[in-house]
Amino acid sequence: MPGQAPTAGEAIIDREGLQALLDALSARGFSVIGPRVRDEAIVYEAVREVADLPEGWTDRQDGGHYRLERRKDRALFGYAVGPHSWKRFLFPPQQRLWRAQRTGAGFAILEEAPPSDRWAFLGVRACELRALAIQDRVFLGGSHPDRSYAERRRGLFIVALQCGEPSGTCFCVSMEAGPKAASGFDLALTELLSPGSHRFLVEVGSPAGEEILGAIPHRPAGAADRREADALLASTASRMGRSLDTRGIRELLQDHPEHPRWQEVAARCLACANCTLVCPTCFCSTVEDHTTLTGEGAERTRLWDSCFTLDFSYLHGGSVRKEIRSRYRQWMTHKLSTWFDQFGSSGCVGCGRCITWCPVGIDLTEEARAIRASLPEPTHA
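Procedures and definitions
- Residues numbered from 1 in each chain as written.
- Predicted model: local features only at pLDDT ≥ 70, side-chain atom pairs only at ≥ 80, totals over all residues.
- Heavy atoms only, no water.
- Pairing = 2+ DSSP bridges.
- Helix = DSSP H or I, 4+ residues; strand = E, 2+ residues; numbered from the N terminus.
- Contact = heavy atoms within 4.5 Å.
- Axes fitted to C-alpha atoms, helices over the stretch in contact; angles between N-to-C directions.
- Salt bridge = Lys/Arg side-chain N within 4 Å of Asp/Glu carboxyl O.
- Buried < 20%, exposed > 50% of the residue type's maximum accessible area, 1.4 Å probe, protein only.
- Core = buried A, V, L, I, M, F, W, Y, C linked by side-chain atoms within 4.5 Å.
- 1 Å grid on protein atoms, 1.4 Å probe; cavity = no way out; pocket = protein on both sides within 12 Å on 5 of 7 lines; lining within 4 Å.
- Points joined across faces, edges and corners; volume = space filled by probe spheres on them.
- Nonpolar A, V, L, I, M, F, W, Y, C, P; charged D, E, K, R; others polar.
- Phe/Tyr/Trp six-rings, centres within 6.5 Å; stacked < 30°, edge-to-face > 60°.

1. Points about the sheet that holds strand 10 (residues 187-194)
An order of 3-2-8-9-10-11-1-12 is seen for the 8 strands of this open sheet, with the pairing classed as mixed. Both edges of this open sheet fall to strand 3 (41-46) and strand 12 (219-220), since each of them pairs with a single strand only. Relative to strand 11 (residues 197-204), strand 10 is paired through 8 bridges, and the arrangement is antiparallel. Within the sheet, the bridge partner assigned to leucine 193 lies in strand 11 and is histidine 198. Helix-sheet contacts for helix 5 (residues 207-214) involve strand 1 (10-14), strand 9 (157-161), strand 10 and strand 11, and the interaxial angle to strand 11 is about 145°.

Shown next, in the form of structure tokens:
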């Protein structure tokens, strides 16, 4: 019943309860962003009703391959991850930073107003929660936090989803980033489907989540519900499409910048930057300045960029990384190795997007495996 406190932070809601959750978030001024089917993919857009969710759809993913297929049930979250990541809301692909307007005494800088939307993210996987935590360190850590990111991140309500459907390119288990989300959310859902029953185990992760749960119809979760959820997560972990041996990977990549495998992968790589654009943790950007034809105004815009573009490493006299070989090496070595030096963790969460959305199916887990396999095993005294 509404108002009933959840037992031990866990409760059960049904499909009607999920709609009540959406309504409760909307009533509190949140714009709910969740999964929807558009352009033959599952993307993140505004969600108002349960009917907006990708009911009965799943995805089939492999290197350079993504297809939606119909499931045999009515699962609302029976897919892995699509081309979108949540960073596009907190770190937009294109964003005006400021405007300048000519005045009688010179010019005035007009700062951009903070975003008016308060977002609630629905269906955030464990790997994506890890990616959000990584981006928090990138944009909010250090002496100069990114104000725009901080404004968008502040007040964010997160409804996580305990993953029940890995893709053929997932390897979150290898990165210790999933499939179970343990923290970083306000509420977490586990979708449980059985004959004659469609329900969600709800875990509370914050006081804000507890308040929302108390406002919607629910019942206490039982031991059988917990066992079913645990079995689902164990099944997901056993069905990863990829794996990555992370033992000593930091040193493996840093110590072999001239390995011949870099040239082999460069022969296939198109330097299209798809992998960086779909990655939930990549943060490279550039800025463009534009002046009006009359000279009365100007503005600066920040756009996503990529270390795969020739201009990204351009200095006076030319680009530092002229060859695709060096650009792929820069990306993979940063992601899996030197990210530790900057931020104290790997930059990869094992979501597999970079493999799925590579037009030629380049697989960073295979590239790391090939480099490791070509080297003698280290000896220990």
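2. Looking at the pattern of salt bridges
As enumerated under the stated definition, the model contains 39 salt bridges in all. We note a salt bridge from arginine 38 to aspartate 39, for which the minimum N-O separation is 2.7 Å. Arginine 38 sits in the partly exposed class, given a relative accessible area of 33%. Counted as one network, the salt bridges with shared partners bring together Glu10, Lys180, Glu203, Arg226 and Asp230.

3. Quick word on the nonpolar core
By size, the foremost hydrophobic cluster in this structure holds 64 residues, and its most contacted members are Phe121, Phe308, Tyr328, Trp331, Met332 and Leu364. Of the residues forming this core, the biggest block, 8 residues, is contributed by helix 3 (residues 126-140). Excluding anything up to four places from it in sequence, tryptophan 331 contacts Cys275, Thr276, Cys282, Cys307, Phe308, Cys354 and Leu364. If you look at the next biggest cluster of nonpolar residues, it comprises 32 residues, including Leu22, Phe30, Tyr66 and Leu187.

4. Focus: empty space enclosed by the protein
For the structure on display, the rule yields 4 cavities of 30 Å³ or more. Approximately 130 Å³ is the volume attributed to the largest cavity. For the largest cavity, the lining is made up of 16 residues, of which Cys269, Cys275, Tyr328, Cys358 and Ile362 are closest to its centre. Where the lining of the largest cavity is concerned, the elements lending two or more residues are helix 9 (274-278) and helix 10 (324-343). Partitioning the lining of the largest cavity into residue classes produces 15 nonpolar, 1 polar and no charged.

5. So, the sheet that holds strand 6 (residues 94-103)
Sheets are built from strands paired through backbone hydrogen bonds, the pairs being either parallel or antiparallel. Pairing is antiparallel across the open sheet formed by 4 strands, whose spatial order is 7-6-14-13. Of all the strands in the sheet, the pair left with one neighbour each is strand 7 (106-111) and strand 13 (285-291). Ignoring which end each strand starts from, the neighbouring axes of this sheet average 20° apart. Relative to strand 14 (residues 297-304), strand 13 runs antiparallel, the two being bridged by 7 bridges. The partner of histidine 290 across the bridge, within strand 14, is glutamate 299.

6. Describing the pairing of strand 9
In terms of burial, strand 9 is largely enclosed, as 5 of its 5 residues are buried. Burial of strand 9 is two-sided: the residues Phe157, Val159 and Leu161 facing one way and the residues Ile158 and Ala160 facing the other way are all buried. Sheet analysis places strand 8 (residues 118-124) next to strand 9, joined by 4 bridges and oriented parallel. Residue leucine 122 lies in a different strand from strand 9, and its bridge partner there is valine 159. Looking at chain direction, strand 9 and strand 10 are connected through 3 bridges and run parallel. Paired with alanine 160 across the strands is alanine 188, a residue of strand 10.

7. Here we look at helix 12 (residues 364-373)
For helix 12, the tally of buried residues reaches 7 of 10 residues, placing the bulk of the element in the interior. Along helix 12, the residues that are buried comprise Leu364, Thr365, Glu367, Ala368, Ala370, Ile371 and Arg372.

8. So, the packing of aromatic side chains
The full count for this structure, using the stated rule, is 19 aromatic pairs. Between the aromatic rings of phenylalanine 30 and phenylalanine 157, the centroid separation amounts to 5.7 Å while the plane-to-plane angle is 55°, which identifies the pairing as tilted. Within this pair, whereas phenylalanine 30 is found in strand 2 (residues 30-38), its partner phenylalanine 157 is found in strand 9, the two being separated by 127 residues in sequence. For phenylalanine 30, a relative accessible area of 10% translates into the label buried. What makes phenylalanine 157 buried here is its relative accessible area of 3%. Relative to phenylalanine 200, the ring of phenylalanine 77 lies with its centre 6.3 Å away and its plane at 85°, an arrangement referred to as edge-to-face.

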